[in-house]
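What follows is each chain in one-letter form.
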Amino acid sequence: MSQQPVLLPYADPGFVADPFPLYRQLREDGPVRRAVIAGGLEAWLVTRYEDGLSALSDPRLSSDIRDASDTRLLRQLPATERESMLRNMLRSDPPDHTRLRRLVSKTFTARRVAELKPRVQAITDRLLDAVVPVGRADLIEDFALPLPVTVISELLGVPVADRHDFQRWTDDMVRRGAEPPDPAVVDAAWQQMRSYLTKLLDAKRGRPGDDLLSGLITARDEEQRLDEEELIAMAFLLLVAGYITTVNLIGGGIAALLAHPDQLEKLRDDPALLPDAIEEILRYDGPVNPGIARFAREDVTIAGVTIPRGATVLIASAIADRDPAQFPDPDRLDVTRRDNAHLAFGHGIHYCLGAPLARLEGQIAIGTALRRLPGLALAVPPGELRWRPGGLRGPKHLPVTFAPDGQVGSQDR
């Protein structure tokens, strides 16, 4: 294995649009590779499926960013709020993670997600009602973005009228690219988000409702409950994670199907394939790219390569999910693929709590769009699509055209 880290060129639009040829080369070159990732940070990429699956459950690899030897990672968080922002499930390890996840799981149940299906369908239809007569749309701004934002707002009990504010703050905090984020911009956005969430939680204490944030305020586990800082951190995590990856799943999924018209037609002809299709989209070009960060608590050997204590380890799910040792013909999108145990939602104790909601929204959004937008096609050449660089992958915009007479009557919904 080369001792020189390979550069992932996030400043190159060509790489951002299609990173998979380089990913394939990295996987073929070795199971663990040093790389320079977004913002100039160095990480060790785990590129093969079996190694990635094992690494995601390895207790020697921490989710706590404070275990990283590269202090630039911590400095990217708002200086005055680092402790608060780290007190959530995503950035904690047992026993704190166990307690936090158990408390959230008491309110974010499979039953609650299943009950959302009619509402997700109604929001989907309302958004498409606005564009169907026109014959063209930006399926990010008009559809893939407002759908999950509205769903998570209603689930958490956040006024939908406030969504533009928290979208703007979120964009400032999680923007990724070739350059590191501006700490002053991140700090200002977090202060605004924190102030907003503090006031919202105070209001719900006075007038609790049947929403997730009200449930988190009262959730208990053997006399343990979320303290104020944990509540704010958890509300932030659920609000942000509850929509931003789903935007990319829907938008990126439609883009992938448009690039593979045979698969699009197969799915349109047989909607029963939707659950398998969503799993295949997540495997083929998932919304987290290149993968999931961990930090070595001690020297860790993976596939014969020793990774030093404090190093950032990137379990590269986007690379591992195209490992031919696990997935036959992995570079082919196949909506009929079965036995599709991808790593897009992680694995082990940190497996994405919101995965059932993301799957539900993806199935309803993509299935309804294909049904209601006949003749769906890109309005620009594929090479003109622009993708978000680093970390969270998806098209920035998705301009499309379709037959404007594709509107269906309410009796068909």
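Numbering of residues starts from 1 in every chain and runs along the sequence as written. Under the rules for a predicted model, residues below a pLDDT of 70 receive no local features and side-chain atom pairs below 80 are neither given nor counted, while totals for whole chains, interfaces and linings still include all residues. As a rule here, side-chain values come from all non-hydrogen atoms in the structure, and water together with hydrogens is ignored.

What follows covers the overall build of the chain. Counting from the N terminus, the helices are DSSP H or I runs at least four residues long and the strands are E runs at least two residues long. When helices and strands are tallied, the chain shows 19 helices and 13 strands. With the C-alpha coordinates aligned to their principal axes, the bounding extent of the chain is approximately 60 × 55 × 40 Å. Categorising residues by exposure relies on relative accessible area from a 1.4 Å probe, with only protein chains included: less than 20% of the type maximum marks a residue as buried, more than 50% marks it as exposed, and the intermediate range marks it as partly exposed. Across the 413 residues in the chain, those meeting the buried criterion constitute 55%. Residues are treated as being in contact if the distance between any of their heavy atoms lies within 4.5 Å. Taking the intrachain contacts of the chain between residues at least 6 apart in sequence as the baseline, contacts between residues at least 24 apart amount to 73%. Per-residue and other accessible areas were derived by the Shrake-Rupley procedure at a 1.4 Å probe size, with only the shown protein chains allowed to occlude residues. Counting every atom, the chain has about 17,500 Å² of accessible surface; 52% of that belongs to carbon and sulfur.

What follows deals with the packing of helix H8 (residues 117-131) against helix H10 (residues 146-156). Axes, fitted as lines to C-alpha atoms, cover a helix only where it is in contact. Angles between the N-to-C directions of the axes lie from 0 to 180 degrees. The geometry of H8 relative to H10 is characterised by a closest axis approach of 10 Å and an angle of 145° between their N-to-C directions. Relative to H10, H8 is oriented so that their crossing is right-handed. Listed contacts from H10 to Arg119, Val120, Ile123, Thr124, Arg126 and Leu127 of H8 are Pro146, Leu147, Thr150, Val151 and Glu154. In this classification, the charged set is Asp, Glu, Lys and Arg, the nonpolar set is Ala, Val, Leu, Ile, Met, Phe, Trp, Tyr, Cys and Pro, and all remaining amino acids, among them Gly, are polar. A per-class count over the contact of H8 with H10 returns six nonpolar, two polar and three charged. The crossing is said to be left-handed when, going from far helix to near helix, the turn is anticlockwise and less than a right angle, and right-handed when the turn is clockwise.

The next point concerns the layout of surface pockets. If you add up the space inside the largest pocket, you get close to 540 Å³. For the lining of the largest pocket, the elements supplying multiple residues, two or more each, are helix H1 (13-17), helix H2 (20-29), helix H15 (244-259) and helix H17 (274-285). For the lining of the largest pocket, the element with the most residues is H15, which contributes four residues. Of the residues belonging to the lining of the largest pocket, the class tally is 17 nonpolar, two polar and seven charged. Residues are called lining when one of their atoms sits within 4 Å of a cavity or pocket point, these points coming from a 1 Å grid over the protein atoms alone, where a cavity is a set in which a 1.4 Å probe fits but cannot get out and a pocket is an open set with protein on both sides within 12 Å along at least five of seven lines. Grid points are joined across faces, edges and corners, and a volume is the space filled by probe spheres set on the points.

It is worth spelling out the nonpolar core at this point. Ranked by size, the top nonpolar core spans 93 residues in total, and within it Leu139, Phe143, Met193, Ile254, Leu257 and Leu376 carry the most contacts. Throughout, nonpolar core names a set of buried Ala, Val, Leu, Ile, Met, Phe, Trp, Tyr and Cys residues whose side chains join them through atoms within 4.5 Å. By size, the runner-up hydrophobic cluster in this structure holds 22 residues, among which are Tyr10, Phe20, Tyr23 and Ala35.

Time to look at the sheet that holds strand E3 (residues 42-46). For two strands to be treated as a pair, DSSP must find at least two bridges joining them. An order of E1-E2-E3-E10-E7-E4 is seen for the six strands of this open sheet, with the pairing classed as mixed. With partners counted over all chains shown, the strands left at the sheet margins are strand E1 (6-7) and strand E4 (61-62), one partner each. Looking at chain direction, strand E2 (residues 32-36) and E3 are connected through five bridges and run antiparallel. The residue of E3 that forms the bridge with valine 36 is glutamate 42.

Turning our attention to the packing of aromatic side chains. A pair of aromatic rings is counted whenever rings of Phe, Tyr or Trp (Trp by its six-membered ring) have centres within 6.5 Å, and the orientation is called stacked for planes under 30 degrees apart, edge-to-face for over 60 and tilted otherwise. Going through the model one piece at a time under the given rule, you end up with eight aromatic pairs. Residues tryptophan 190 and phenylalanine 236 carry aromatic rings whose centres are separated by 5.1 Å and whose planes lie at 85° to one another, so their mutual orientation is edge-to-face. Placement of the pair is tryptophan 190 in helix H12 (residues 183-206) and phenylalanine 236 in helix H14 (residues 228-241), with a sequence separation of 46 residues. Look at tryptophan 190 and you get buried, because its relative accessible area is 0%. When its relative accessible area of 10% is taken as the criterion, phenylalanine 236 is described as buried. Here a set of aromatic residues connected by ring pairs shows up, and it is made of Tyr10, Phe15, Phe20 and Tyr23. Definition used: whenever NZ (Lys) or CZ (Arg) falls within 6 Å of the ring centre and also within 35 degrees of the ring normal, the charge is taken to sit over that ring. One Lys or Arg, arginine 322, reaches over the ring of phenylalanine 20 and ends 3.7 Å from the middle of that ring. Looking at arginine 393, its charged tip hangs above the ring of tryptophan 387, at a distance of 4.2 Å from the centre.

With that out of the way, let us pick up H15. Any helix carries an expected span of 1.5 Å times its number of residues minus one. Here H15 is 16 residues long and its end C-alpha atoms lie 23 Å apart, about the 22 Å a rise of 1.5 Å per residue gives. Taking burial as the measure, the 16 residues of H15 include 14 buried ones, the bulk of the element.

What follows is about the side chain of aspartate 321. Here aspartate 321 lies in the loop between helix H18 (317-320) and helix H19 (355-372). All tallies of charge rest on Lys and Arg as positive and Asp and Glu as negative; His and the ends of each chain are not included. Any carboxyl oxygen of Asp or Glu that lies within 4 Å of a side-chain nitrogen of Lys or Arg is treated as forming a salt bridge with it. For the buried aspartate 321, no salt bridge exists, and the shortest N-O distance to an oppositely charged side chain is 7.0 Å, to arginine 283. At a separation of 2.9 Å, a polar atom in the side chain of aspartate 321 contacts the main-chain amide nitrogen of leucine 343. With near-sequence residues (within four places) excluded, aspartate 321 lies in contact with Tyr49, Leu282, Arg283, Phe327, His342, Leu343 and Ala344. Polar contacts here mean pairs of N or O atoms no more than 3.5 Å apart (in protein, one a potential hydrogen donor and the other a potential acceptor; neighbouring residues in sequence count only if both atoms are side-chain atoms).

So, on to the sheet that holds strand E11 (residues 377-378). Spatial strand order, E5-E13-E11: three strands in an open sheet with antiparallel pairing. Of all strands in the sheet, those with a lone pairing partner are strand E5 (136-138) and E11, marking the two edges. In the sheet, E11 pairs with strand E13 (residues 399-401) via two bridges, with the strands oriented antiparallel. Paired with alanine 377 across the two strands is threonine 401, which belongs to E13.

Looking now at the pairing of strand E7 (residues 292-296). When you tally the buried positions in E7, you get five out of five residues, the bulk of the element. A two-sided burial pattern is seen for E7, the buried positions comprising Ile292, Arg294 and Ala296 on one face and Ala293 and Phe295 on the other. Bridge analysis of E4 against E7 gives two bridges, and the strand direction is antiparallel. Counted as the bridge partner of leucine 61 is alanine 296 from E7. Where E7 meets strand E10 (residues 312-315), four bridges bridge the pair, whose relative direction is antiparallel. For phenylalanine 295, the partnering residue across the bridge sits in E10 and is threonine 312.

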